[in-house]
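# Structural overview for review
These are the residues of each chain, in order.
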Amino acid sequence: MTIQATLRLALQALVRNKARSLLTMLGIVIGVAAVIVTVAIGVGARVSVQSSIDSLGSNLIVVQPGSVTQSGARGGFGTASTLTPADGLAIAALPGVASVSPVVTLRTQVVAGENNWQTTVSGVAPTYTFIRSWPVASGRFIDQSDVSSTAKVAVLGATVVQELFPNGQSPVGATVIVKGAPFTVVGTLSPLGQSGMGQDQDDTVLIAYTSAMERLTGLTTVNSLMISAADAKDVAPVQQRLTQVLEQRHRIVAPQPDDFQVRNLQSIAQAASQTGAVMEFLLAGVAAVSLVVGGIGIMNIMMVSVTERTREIGLRMAVGARAKTILRQFLAESIVLSTIGGMAGVVAGTAGTLLVAQFAHWPTAIPLQWIAASVLFAALVGIFFGYYPAQKAARLSPIEALRFE
Amino acid sequence: MTPVVEAHALRKVYAMGAAEVVALAGVDLTLDAGDFVAIMGPSGSGKSTFMQIVGLLDKPGGGTYLFEGRDASNLSADERADVRSRRLGFVFQAYNLLPRTSAIENVELPMVYAGVPERRRRSVAIEKMELVGVAPLRDHHPNQMSGGQQQRVAIARSLVNEPGLLLADEPTGALDTKSSADVMQLLSRLNQEQGITIMLVTHEPEIAAYARRIVTFRDGRIVSDARNAERAA
C-alpha cells in the first residue's frame, strides 16, 4: 500500500469518529499552543532586553578614569581626572577602532525663554551620533568646525525638547542658556527611550566637547571616552590595545594600578541573552511536558480504539490486509491526529500570542524554528505513543479478531 | 482442471491449557471449480476450523492443503493475506461491514488492500452491487440497512476481487427466514450464473439444501459427503 492510500484510510477512520478524534487532538493542540505562547513571550522578552542593550551599541567600549584616593578614602571610578581628548586621539589611531568620542558630562539647569529644566549636558565629538547609533531628528548634529571653534551650539534630546518647548514649536534656531552661556540649538535627536538600566536617555543636551571643557567645566580632562569597535569581534583586541596605549601615555608600570577602567557592553549583553535563553528553554520545557501528556492521551484513545475496532481489524485482515498494513494504518491515525493537532496548536498559540501582545502589551516574537520544532515534536509524539497500540492491532489473529464480541 | 481446494489428511490441534482439543483429525476433501458445497455438523465438529484453514486465515497443524493447485500449508501470514486479498471472498454471519461507512466504500475495501486504482474500484464496486441487487443502497451506512441488505452488501464485497472461492460462514445465522431465503437464492444464482465456487458453513439443513453437495463433519472428521439430490431454489 502506498503512503497516500494509508493516510487516506487513516483519515477516513478518523473522520468516522469526529468527536473522539477532536477530543484526542485537544491535548496536542493545548500542548503546542502552550509551547508557542511561552516561547513567544520568552523570546519577546529576550529580544527587548537585547535591543535596549543594542541601543547602547554592542561594539561600544567605555573608558573611565580610575578612582582618586584622598586621605585613604578611595573615590569611585571616574573620580580621578586623568583622561584627555589627546588620549582619545591616540586610541582613534588604533586598528579595529571605528570611532572615538570624548564625553564631558555635567548636570545643570538649562533655560529656554520662560521654561527651564535640569538635565545632563554632555560635551561630545561629531562621532558620538554614530557610536551611539543615535540619529538626528531635525537640524544637524555637532560637526568638526563646532569642535574646533568651541561653538556655542547644542543638540537637544527628545525629553528636553518636550520640557523646554512644550508648545510644539521647532527648537532649531532657538537659544538655550546653559550655565549662563547662550547656545544656539542646531538640531534635535530622535527619541531613544529608556536605557537598559531604566534611565531616560532622551533627557540630555549635547554640545561640542571642546565647548563643554572650555565654557562649562573649565577642565582639560574628560569624564569618559566612548569607543566604537569596527566589529563585535574587534572589541576584545581593541580593549587590550587601548589599555596598553593608555598605560604608556599615563606612564603606568607593572605593579601600579591603572588610573582608568575599560568596560564593554558585550559582556553585559551576553549575560542578558544567556539568562533569556535559559528562561526560554525552561518555559518551553514546561510546555513540552503538556505535549507529552497530550501524547499519552493519544495512546490512551488509540488503545481503546484498537479494542473497540477489533472486529474491523479482523475483517480488514480477512479481506487481505497484511499485519504491516494494519500497523501502518493505526500508526498513521495517531500521526495524523498529532500532526493536525500540532498545526491547530500553532494557530491557537499564534492567536494566544497576539492576544498577549494586544492586551498585556508584552513584547512577543514567534520564532519560526520553534513552530516547526513543535509541529515536528507533536508528530514524533504521535509516532511514539501510537506505535504500541498499532502493534497491538497488527498482532491480532484474524480469526480471534473476527470472533471478538 | 485443477481443483480449487485439495485437502489431504488435514489436522489441527488446539492447546486449551494443559488439555488438547483435536479440531481436525485428518480431513480429505477436494472441491472443484464451480461447485457449491455446504459443510454441516454440530458445533465443535471442526467445520469452522476447516473453513479457516481453507480460507487461509489459519495454518493446518498437519497434512497438506493445496489451494488452486498451490501448496498453501506453509505460507507465511503475509503470503496468506495476499492470497486472501486476490483469490478469496468471505461472507460472515455478522456481515462485518465497517460502521459509519457507506455501502460502496465497504464493497471497495478488499480492492484497497489489493492495490486496485481508485477509479476502477468504484466501477467494479458498482458492477458487483448491481449483480447482487444493492446498487440503490450505495450511499447507505450499515445502520440504515436491514440485515438482509447488509448481507447482500457483504456478498458484493466478497465478489470484487473475482475470487476463486467464496467462503460463507453461517451467512444466514443472523437473518429471518425470508431474508435467509433471499440470501441463499442469491448465492445459488451466483454459483449457477457466474460459476462462482462456494463453500458454505452452516448447521441448518434447510440452508445446506441450497448447495449441490453436502459434507457433514463430526469430531474433526468427515462422516458423510453426498451430492444433493433435492436442491432448494
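Residues numbered from 1 in each chain as written. Chains lettered and ligands numbered in written order. Predicted model: local features only at pLDDT ≥ 70, side-chain atom pairs only at ≥ 80, totals over all residues.

## A word on the overall build of chain B
Operational definition: Starting at the N terminus, helices and strands are each numbered in turn, a helix being any DSSP run of H or I of at least four residues and a strand any DSSP run of E of at least two. Whether a residue is buried, exposed or partly exposed is read from the other C-beta atoms within 10 Å of its own C-beta, which are placed from the backbone; 20 or more gives buried, 12 or fewer gives exposed, and intermediate counts give partly exposed. A pair of residues counts as a contact when their C-beta atoms, built from backbone coordinates, are within 7 Å of each other.
Within chain B, the regular secondary structure consists of seven helices and 10 strands. Counting across all 233 residues of chain B, residues that qualify as buried make up 49%. Nonlocal contacts in chain B, meaning residues at least 24 apart in sequence, comprise 68% of its contacts between residues at least 6 apart.

## Considerations on the overall build of chain A
In terms of helices and strands, chain A carries 13 helices and 12 strands. The 405 residues of chain A split such that 44% are buried. Sequence-distant contacts in chain A: of pairs separated by 6 or more residues, those separated by 24 or more amount to 81%.

## Examining the interface of chain B and chain A
Quick note on the threshold: As a working rule, the residues Ala, Val, Leu, Ile, Met, Phe, Trp, Tyr, Cys and Pro are called nonpolar, Asp, Glu, Lys and Arg charged, and the rest polar, with Gly in that last group.
The interface is formed by 21 residues belonging to chain B together with 18 residues belonging to chain A. Breaking the side of chain B that touches chain A down by element, the ones donating at least two residues are α2 (77-87) and α3 (103-114) of chain B. Sorting elements by how many residues they give to the side of chain B that touches chain A places α2 of chain B first, with six residues. Partitioned by chemical class, the residues of the side of chain B that touches chain A number 11 nonpolar, five polar and five charged.

## Side note on the sheet that holds strand β2 (residues 19-31) of chain B
Here is the rule: If DSSP finds at least two bridges between two strands, the strands pair.
The antiparallel open sheet is built from four strands, whose spatial order is β2-β1-β4-β5 (chain B). The open sheet terminates on both sides in strands that have one partner only, identified here as β2 and β5 (70-71) of chain B.

## Points about the pairing of strand β7 (residues 165-169) of chain B
Here is the key point about a regular strand: its side chains alternate between the two faces of the sheet. All names here are of chain B. With five of five residues buried, β7 is to be regarded as a mostly interior element. Every second residue of β7 is oriented toward a common face, with L165, L167 and D169 on one face and L166 and A168 on the other, all of them buried. Relative to β7, strand β6 (residues 88-91) is paired through four bridges, and the arrangement is parallel. Among the inter-strand pairings, F90 is bridged to a residue of β7, identified as L167. Bridging between β7 and strand β8 (residues 198-201) involves four bridges; their strand directions are parallel. Its bridge partner lying in β8, L166 is registered against I198.

## Quick notes on unusual backbone geometry
Residues and elements named next belong to chain B. Unusually for a residue other than glycine, L56 sits at a positive phi of about 60 degrees. Tracing the backbone shows L56 in the loop between α1 (47-54) and β4 (62-67). A positive phi angle is found at D219, which is not glycine, with a value near 50 degrees. Turning to its location among the elements, D219 is positioned in the loop between β9 (213-218) and β10 (221-227). C-beta crowding within 10 Å serves as the criterion here: with 14 such atoms nearby, D219 is assigned to the partly exposed category.

## Remarks on the packing of helix α11 (residues 323-360) of chain A against helix α12 (residues 368-394) of chain A
All names here are of chain A. We count it as follows: What counts as an axis is a line fitted to C-alpha atoms, over the stretch in contact for a helix, and the angles between N-to-C directions run from 0 to 180 degrees. Reported orientations rely on four angle classes, namely roughly parallel under 35 degrees, roughly antiparallel over 145, roughly perpendicular from 65 to 115, and oblique for the rest. Rotating anticlockwise by less than a right angle from the far helix to the near helix defines a left-handed crossing, while the corresponding clockwise rotation defines a right-handed one.
Two elements in contact, α11 and α12, have axes separated by 7 Å at closest approach and are oriented at 150 degrees. By the angle between their axes, α11 is roughly antiparallel relative to α12. Crossing angle aside, the handedness with which α11 passes α12 is right-handed.

## Comments concerning the pairing of β8 of chain B
Residues and elements named next belong to chain B. Quick note on the threshold: If you view a crossover with the strands going away from you and the path from the first strand over the helix to the second runs clockwise, you call it right-handed.
Neither face of β8 is exposed, since I198 and L200 on one face and M199 and V201 on the opposite face are all buried. Sheet analysis places strand β3 (residues 36-40) next to β8, joined by four bridges and oriented parallel. Each bridged residue has a counterpart across the sheet, and for A38 the counterpart in β8 is L200. Handedness of the crossover joining β7 and β8 through helix α6 (residues 177-194): right-handed.

## Thoughts on α2 of chain B
This is how the line gets drawn: When we speak of the arc, we mean the arc of directions from the helix axis to the C-beta atoms.
Buried within α2 of chain B are the following residues: R80, A81, R84 and S85 of chain B. Within α2 of chain B, the buried residues cover an arc of 135 degrees as seen down the axis, which keeps them to one side. If you follow the buried residues of α2 of chain B, they end up packed against α10 (310-318) of chain A together with β6 and α3 of chain B.

## Brief notes about the sheet that holds β3 of chain B
All names here are of chain B. The six strands lie next to each other as β6-β7-β8-β3-β9-β10, forming an open sheet whose pairing is mixed. With partners counted over all chains shown, the strands left at the sheet margins are β6 and β10, one partner each. Each adjacent strand pair in this sheet contributes to an overall mean axis angle of 15 degrees, direction not counted.

## Structural notes on the nonpolar core
Convention followed: The term nonpolar core refers to a group of buried residues, namely Ala, Val, Leu, Ile, Met, Phe, Trp, Tyr and Cys, whose C-beta atoms join them within 7 Å.
Grouped together as the largest cluster of nonpolar side chains are 128 residues, with contacts concentrated most on I36 of chain A together with I39 and M199 of chain B. The leading source of residues in this core is helix α2 (residues 18-54) of chain A, at 14 residues. The contact partners of I36 of chain A, leaving out residues within four places of it in the chain, are G345, V346, G349, T350, T353, I366, W370, I371 and S374 of chain A. The next biggest cluster of nonpolar side chains, apart from the first, holds 51 residues, and it includes V121, A208, L225 and A229 of chain A.

## Concerning the packing of α3 of chain B against helix α5 (residues 147-159) of chain B
Residues and elements named next belong to chain B. Contact pair α3 / α5: the axes reach a minimum separation of 7 Å and the direction vectors enclose 30 degrees. As the angle between them shows, α3 and α5 are arranged roughly parallel. The chirality of how α3 crosses α5 is right-handed. Here A103, N106, V107, L109 and P110 of α3 come into contact with α5, specifically with V153, A156 and R157.

## What to know about the environment of L14 of chain A
All names here are of chain A. Mapped onto the secondary structure, L14 falls in helix α1 (residues 3-16). As for L14 and S334, which are separated by 320 residues in sequence, their C-alpha atoms are 9.3 Å apart. Apart from residues lying up to four places away in sequence, L14 is in contact with S21, E333, V336 and L337.

## Looking at the confidence of the model for chain B
Defined as follows: As a per-residue quantity, pLDDT reports the predictor's confidence and falls between 0 and 100.
Per-residue confidence for chain B gives a mean pLDDT of 93; residues scoring 70 or more make up 98%. Here the prediction assigns the complex a pTM of 0.68, and the interface score ipTM is 0.93.

## A short note on α12 of chain A
The line we're drawing: By this rule, a helix spans an expected 1.5 Å times one less than how many residues it contains. Fitting axes to the seven residues that end at a residue and to the seven that start at it, the angle between those axes gives the bend at that residue.
An ideal rise of 1.5 Å per residue puts 39 Å on 27 residues; α12 of chain A measures up with 37 Å between its terminal C-alpha atoms. Bending of α12 of chain A peaks at approximately 40 degrees at the position of Y387 of chain A, with proline P389 of chain A no more than four residues after it.

## Details of the environment of A90 of chain A
All names here are of chain A. Inspection of the secondary structure puts A90 in helix α3 (residues 85-92). The spacing of A90 and L242 is 152 residues in sequence and 8.5 Å in space, taken between C-alpha atoms. Not counting residues within four places of it along the chain, the set of residues in contact with A90 comprises V245 and R249.

## Thoughts on the environment of T220 of chain A
All names here are of chain A. Along the polypeptide, T220 turns up in the loop between α7 (209-217) and β11 (224-229). Judged by local crowding, T220 falls into the exposed class, with 11 C-beta atoms found within 10 Å. The sequence separation of T220 and T210 amounts to 10 residues, and the corresponding C-alpha distance is 9.2 Å. Beyond its immediate sequence surroundings of up to four residues, T220 is in contact with T84 and M213.

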